[in-house]
Amino acid sequence: MPETIVVIAVLAVVLLALGVGLARRRPVPPREAESRAEERPAPEAATAVETAPAPVAPIEEERPSLRERLRKSRKFLSDRLADVLGADDDETWEDLEAVLIQADLGPEVAAQIVQDVRSGARERRVRDVEELRVLLADELLSLFPAERERTLSFAAEPPSVWLVVGVNGTGKTTTIGKLAADLAGRGRSVSLAAADTFRAAADEQLSIWAERTGATVVKHQPGADPGAVAFDARASARARGIDVLIVDTAGRLHTKTPLMDELAKVRRVLEKEGDVHETLLVIDATAGQNGLVQAREFADAAGVTGIVLTKLDGTAKGGIALTIERTLGIPIKLIGVGEGLEDLEPFDPKTFVEALLS
Ligand SMILES: Nc1nc2c(ncn2[C@@H]2O[C@H](COP(=O)(O)OP(=O)(O)OP(=O)(O)O)[C@@H](O)[C@H]2O)c(=O)[nH]1
Ligand SMILES: [Mg+2]
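Values in this document were obtained by computation on a predicted structure and should not be read as measured data.

## Observations regarding helix α7 (residues 172-185)
Because each turn of an α-helix spans 3.6 residues, side chains separated by three or four positions end up pointing in the same direction.
Line of reasoning, step 1. The terminal C-alpha atoms of α7, which comprises 14 residues, lie 20 Å apart, in line with the 20 Å expected from a rise of 1.5 Å per residue.
Line of reasoning, step 2. The buried count for α7 comes to 14 of 14 residues, which makes it a mostly enclosed element.
Line of reasoning, step 3. In the segment just after α7, G187 is the residue with positive phi, at about 80°.

Here it is in structure tokens:
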């Protein structure tokens, strides 16, 4: 009898979880103007294309809110703000500057913010910690221009081609999996190009994501030319009328010139047959100020159109987002807040700043 109750309880939890998984679909907002691609003959045999079964609704627990996921960053700032904003003396403001620098805002940006908040506080005779928090939130928000485009670009005529780049281990392949899941949920067909031919298990990892999301994978032999994989994947995507092709690339140090040249070549090869609609640079938020250096180098080599800031769930330092936007003017488009399929969020500056300071 107790076994029956346990079985019923387990079934109930599974059904509930399935219901939650199916009911919830979060946005990676598209900007789109598209039509179907003309049908072309299938690509030649050199390219291996794997087709995976249709996606299965994930079974998972109720997700914590973004605010909860940014708990570490939030706690870091808010704890210190309470200490710091007690008195209006030079030391207090220097302490606030130090807190912002610790949160990865970068010294120049932090100094500017503190100067502006301080003069704003004086003008408005603000004494209350809460009011100061609002002033600070406004200042931080002003670093993200409202007109900056944060949605992902789609081609007028499929396939849309998105190239994903970044240093080793930042979360490129995981982000691609999450993007594929989101697109599949919107009824888009997705193909993934395994242009990381450097690491032996890279294409297997991509194939696992493809299986989970119903995408196809185009791959060559290990060690093959990544440009050739990307080129074939584009041809294959067009021939098959795929909506979005996402190209995975090997992690590479932004300081290694030959590797950065290789990336520039992948892009050039892709562009032989049409536009690259997004070049997404994946940055690990825990890398701190190094993220700024990475962004600069990758932007030079591959023409980055947007940044995906990952692992924000695991760091006390979200400030690099503000520094990159302010210094390089490249929009943060998405944030990664966990390792699961659904842990990708569109970046919304207001929500982000509120989550950091609330
Ligand atoms: N906590 C957390 N972990 C993440 C996030 N994104 C990726 N990861 C983890 O980071 C690790 C590396 O992820 P990958 O997707 O393999 O990174 P990559 O950039 O493709 O790595 P290389 O191809 O080797 O350069 C994995 O353990 C992921 O689960 C995130 O938003 N939050
Ligand atoms: Mg990878």
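Further notes follow.
## Overview of the pairing of strand β6 (residues 216-219)
Line of reasoning, step 1. Burial along β6 is two-sided: the face carrying T216 and V218 and the face carrying V217 and K219 are both buried.
Line of reasoning, step 2. Handedness of the β-α-β unit built from strand β5 (residues 190-195), helix α8 (residues 202-213) and β6 comes out right-handed.

## Thoughts on the packing of helix α9 (residues 226-240) against helix α10 (residues 257-271)
Line of reasoning, step 1. Between α9 and α10, whose axes approach to 9 Å, the crossing angle comes to 25°. Classed by the angle they form, the pair α9 and α10 counts as roughly parallel. The crossing of α9 and α10 is right-handed. Residues P226, G227, A230, F231 and R234 of α9 pack against E262, K265, V266, V269 and L270 of α10.
Line of reasoning, step 2. A breakdown of the residues in the contact of α9 with α10 according to their chemical character gives six nonpolar, one polar and three charged.

Thresholds applied
- Residues numbered from 1 in each chain as written.
- Chains lettered and ligands numbered in written order.
- Predicted model: local features only at pLDDT ≥ 70, side-chain atom pairs only at ≥ 80, totals over all residues.
- Helix = DSSP H or I, 4+ residues; strand = E, 2+ residues; numbered from the N terminus.
- Expected span 1.5 Å × (residues − 1).
- Buried ≥ 20, exposed ≤ 12 C-beta atoms within 10 Å, placed from the backbone.
- Right-handed = clockwise from strand over helix to strand, strands pointing away.
- Axes fitted to C-alpha atoms, helices over the stretch in contact; angles between N-to-C directions.
- Parallel < 35°, antiparallel > 145°, perpendicular 65-115°, else oblique.
- Left-handed = near helix turned anticlockwise from the far one by under 90°.
- Contact = placed C-beta atoms within 7 Å.
- Nonpolar A, V, L, I, M, F, W, Y, C, P; charged D, E, K, R; others polar.

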